[in-house]
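Below, each chain spelled out in residue letters.
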Amino acid sequence: MRRRIVAGNWKMNGSKDLSEELVGYVRSEAGSLDNGVEVVIIPPAIYIGNVLDHARGVVSVGIQNVGQWQSGAYTGEVSPDMAKDAGCRYVLVGHSERRQIFGETDELVAEKVSLVVSSGLAAIVCVGETLEERESGQAESVVAGQVRAGLASVSQEKWHNIVVAYEPVWAIGTGKTATSDDAQAMHAAIRGVLKDMGAPAEEISLLYGGSVKADNAAALFSEPDIDGGLIGGASLVAKEFMRICRSFPAAT
Ligand code: PGA
């Protein structure tokens, strides 16, 4: 059975106070989830220690980005080994904001993915098309290309450390969500590409992201190839985030 994951990406938001209040609440509620969801919080790097203090092993913690080196003279960068040492379990790689604002390419994503999995962390690799690409009928080929290129360096024994997040760029932070049908169709296509690459595709968790809220999560999570969500804005509101985590039916 694939892991069900709901991950909150705080982006450049949060504080020590939020780490205490929100993570404290999420921890107290996550312990009683009966649907097998792994709850992950991905705060700005500077608050990882604070979040870990309040997560107490009940909630997993991730980092939003890492450099493509393990150590050295790279002022301002944090490495996968450091994220692991600090207590992280997940690393977001290739979020569309990293690609669009910071110019990250598929090649850089592949380098980071390879380093992340060799550190023993799980990479949540983000892919997704722009509105223009969707409207011109290229969505599936763009996403397939990102999956193939970004995961090109994953060796057979490391696939269990890969999670893919499909996040259509036009749905991120806009209040527009892909329909459950469209999201399912893309997830099935991604699984097909993974299979084609020789990956154990049926075992890899695929998350949907882009304006997931408490009132649309259940429909998305009921789709057969959607194994969870990557949540931005709604992950900053404790009760809403937990409602999303509860949107999976009980584990059977
Ligand atoms: P959103 O962000 O939920 O605010 O749309 C999702 C993401 O960027 O991961």
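Residues numbered from 1 in each chain as written. Predicted model: local features only at pLDDT ≥ 70, side-chain atom pairs only at ≥ 80, totals over all residues. Heavy atoms only, no water.

Colleague: How should the sheet that holds strand E8 (residues 228-231) be read in this particular structure?
Modeller: Picture the strands of a sheet paired through backbone hydrogen bonds; they go either parallel or antiparallel. Ordered by their spatial adjacency, eight strands build a closed barrel running E1-E2-E3-E4-E5-E6-E7-E8, and the pairing between neighbours is parallel. Each strand axis lies, on average, 25 degrees off the axis of its neighbour in the sheet, ignoring direction. Here strand E1 (residues 4-9) runs beside E8; their pairing, made up of four bridges, is parallel. Looking at E8, one finds that isoleucine 5 is bridged to glycine 228. The sheet strands contacting helix H8 (residues 180-196) are strand E5 (122-127), strand E6 (162-166) and strand E7 (206-209), and the helix crosses E7 at an angle near 145 degrees. (Pairing = 2+ DSSP bridges. Helix = DSSP H or I, 4+ residues; strand = E, 2+ residues; numbered from the N terminus. Axes fitted to C-alpha atoms, helices over the stretch in contact; angles between N-to-C directions. Contact = heavy atoms within 4.5 Å.)

Colleague: Can you help me understand helix H5 (residues 106-118) in this one?
Modeller: Since the α-helix advances by 3.6 residues per turn, residues separated by three or four positions end up pointing in the same direction. The end-to-end C-alpha distance of H5, which contains 13 residues, comes to 18 Å, matching closely the 18 Å that a straight helix rising 1.5 Å per residue would cover. On its buried face, H5 sits against helix H3 (80-86), strand E4 (90-93), helix H4 (96-102), E5, helix H7 (139-150) and E6. Looking one or two residues beyond H5, the residue adopting positive phi is glycine 120, at roughly 90 degrees. (Expected span 1.5 Å × (residues − 1).)

Colleague: Got a minute to help me understand the state of the cysteines in this structure?
Modeller: Defined simply, a disulfide is a covalent bond joining two cysteines at their sulfur atoms. Scanning the entire structure with this criterion turns up zero disulfides. Looking at cysteine 88, it has no disulfide partner, and the nearest cysteine sulfur is the one in cysteine 126, 15 Å off. Of the residues examined, cysteine 126 reaches a relative accessible area of 2% and is grouped as buried. (Disulfide = S-S within 2.5 Å. Buried < 20%, exposed > 50% of the residue type's maximum accessible area, 1.4 Å probe, protein only.)

Colleague: Whenever I open this one, the packing of H5 against H7 confuses me. Can you help?
Modeller: Packed helix pairs are characterised by how far apart their axes lie and by the angle those axes make with each other. Between H5 and H7, the least distance of the axes is 8 Å, while the angle of their chain directions is 45 degrees. Taken together, the axes of H5 and H7 lie oblique to each other. Only Gly145, Gln146, Ala149 and Gly150 of H7 make contact with H5, whose side of the interface consists of Asp106, Val109, Ala110 and Val113. The residue inventory of the contact of H5 with H7, partitioned by class, reads four nonpolar, three polar and one charged. (Parallel < 35°, antiparallel > 145°, perpendicular 65-115°, else oblique. Nonpolar A, V, L, I, M, F, W, Y, C, P; charged D, E, K, R; others polar.)

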